[in-house]
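Structural features, examined
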Amino acid sequence: MDDEQVLDAVGARLRGFRRTLGLSLAELADRSGISASTISRLERGLVRPGLEQLLPLARVYGLPLDELVAAPRVGDPRVHLKAIRRHGLTYIPLGVHGGALQAFKVIYPPASKARAPRYNTHPGREWFYVLDGSVNLALADSRTVLKAGEAAEFDTMTPHWIANARDDRPAETIAIYGPQGERIHLTGP
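Here helix H2 (residues 25–32) crosses helix H3 (residues 36–43) at 110 degrees, and the two axes come no closer than 8 Å. Taken together, the axes of H2 and H3 are roughly perpendicular relative to one another. The handedness of the crossing between H2 and H3 comes out as right-handed. Of the residues in H3, those in contact with Leu-25, Ala-26, Leu-28, Ala-29 and Ser-32 of H2 are Ala-36, Ile-39, Ser-40 and Glu-43. Class assignment for the residues of the contact of H2 with H3 results in 6 nonpolar, 2 polar and 1 charged.

Attention now moves to the pairing of strand S2 (residues 89–93). Burial within S2 is extensive, with 5 of its 5 residues counted as buried. Burial along S2 is two-sided: Leu-89, Tyr-91 and Pro-93 and Thr-90 and Ile-92, pointing in opposite directions, are all buried. A loop of 2 residues connects strand S1 (residues 84–86) with S2, the two strands running antiparallel in sequence, and His-87 in this loop sits at a positive phi of about 55 degrees. Bridge count for S2 against strand S3 (residues 102–108) is 4 bridges, and the pairing is antiparallel.

Another aspect to go through is the pattern of salt bridges. A full pass over the atoms with the stated rule returns 6 salt bridges. Ionic pairing is found between Glu-43 and Arg-18, a salt bridge with its closest N-O pair at 2.7 Å. In this pair, Glu-43 is assigned in helix H3 and Arg-18 in helix H1 (residues 3–20), connecting sequence segments 25 residues apart.

With antiparallel pairing, the 6 strands of this open sheet are ordered in space as S1-S2-S3-S9-S4-S7. Two strands lie at the open edges of the sheet, namely S1 and strand S7 (151–155), each paired on one side alone. Looking at each pair of strands side by side, their axes are set apart by 25 degrees on average, direction ignored. Two elements, S3 and strand S9 (residues 171–177), share 7 bridges in a ladder whose sense is antiparallel. Bridging from a neighbouring strand, Ala-103 pairs with Ile-176 of S9.

This next bit is on the confidence of the model for the protein chain. For the protein chain, mean pLDDT is 86; residues scoring 70 or higher make up 88% of the total. Mean pLDDT across the secondary structure elements of the protein chain bottoms out at helix H6 (residues 179–187), with 61, and peaks at strand S6 (residues 142–147), with 96.

Moving on: helix H4 (residues 51–61). Considered for burial, the residues of H4 that qualify are Gln-53, Leu-54, Pro-56, Leu-57, Ala-58 and Tyr-61. On the buried face of H4, the contacting elements are H1, H2, H3 and helix H5 (65–69).

Thresholds applied
- Residues numbered from 1 in each chain as written.
- Predicted model: local features only at pLDDT ≥ 70, side-chain atom pairs only at ≥ 80, totals over all residues.
- Heavy atoms only, no water.
- Axes fitted to C-alpha atoms, helices over the stretch in contact; angles between N-to-C directions.
- Helix = DSSP H or I, 4+ residues; strand = E, 2+ residues; numbered from the N terminus.
- Parallel < 35°, antiparallel > 145°, perpendicular 65-115°, else oblique.
- Left-handed = near helix turned anticlockwise from the far one by under 90°.
- Contact = heavy atoms within 4.5 Å.
- Nonpolar A, V, L, I, M, F, W, Y, C, P; charged D, E, K, R; others polar.
- Buried < 20%, exposed > 50% of the residue type's maximum accessible area, 1.4 Å probe, protein only.
- Pairing = 2+ DSSP bridges.
- Salt bridge = Lys/Arg side-chain N within 4 Å of Asp/Glu carboxyl O.
- pLDDT = per-residue confidence, 0-100.

Right, here's the structure in full:
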């Protein structure tokens, strides 16, 4: 893709990121400090964004600038992992955000140090694979213990929670979330 094509696609990418997060133009304007009308013009490709617009948008979306605009990748292909701590868990992104699904390594603290179970529901599906240790998966009224090497997949409209099954050491999983799951696990209440 040449530079013109990259620049022509920025507006649609910006709109896609906003919609993926479920933000209205007004909500994004409040969070970014950019007027809703300017955001609308950027998303429709009527104006090309400058750094003064891209920096606050990248901050709101939690993305590096090159991912925000789909700049061509050069050099080192490794993903630079930055842990996110939320609700007593550690989430490590395993790729750069850029699609409908996002993979994370999730580290659950020992059960003795975990917060009280809290059921969640949200649209979508969740999939996870236990790398190390064992975890409790509660789906509505049932509870299953999954050990290293086992995987689970479920409809996330079913009330669910996942926690470490052991008191003596952390458990590790690889989890794949769609946009709704990522929002609940990483940015939700």
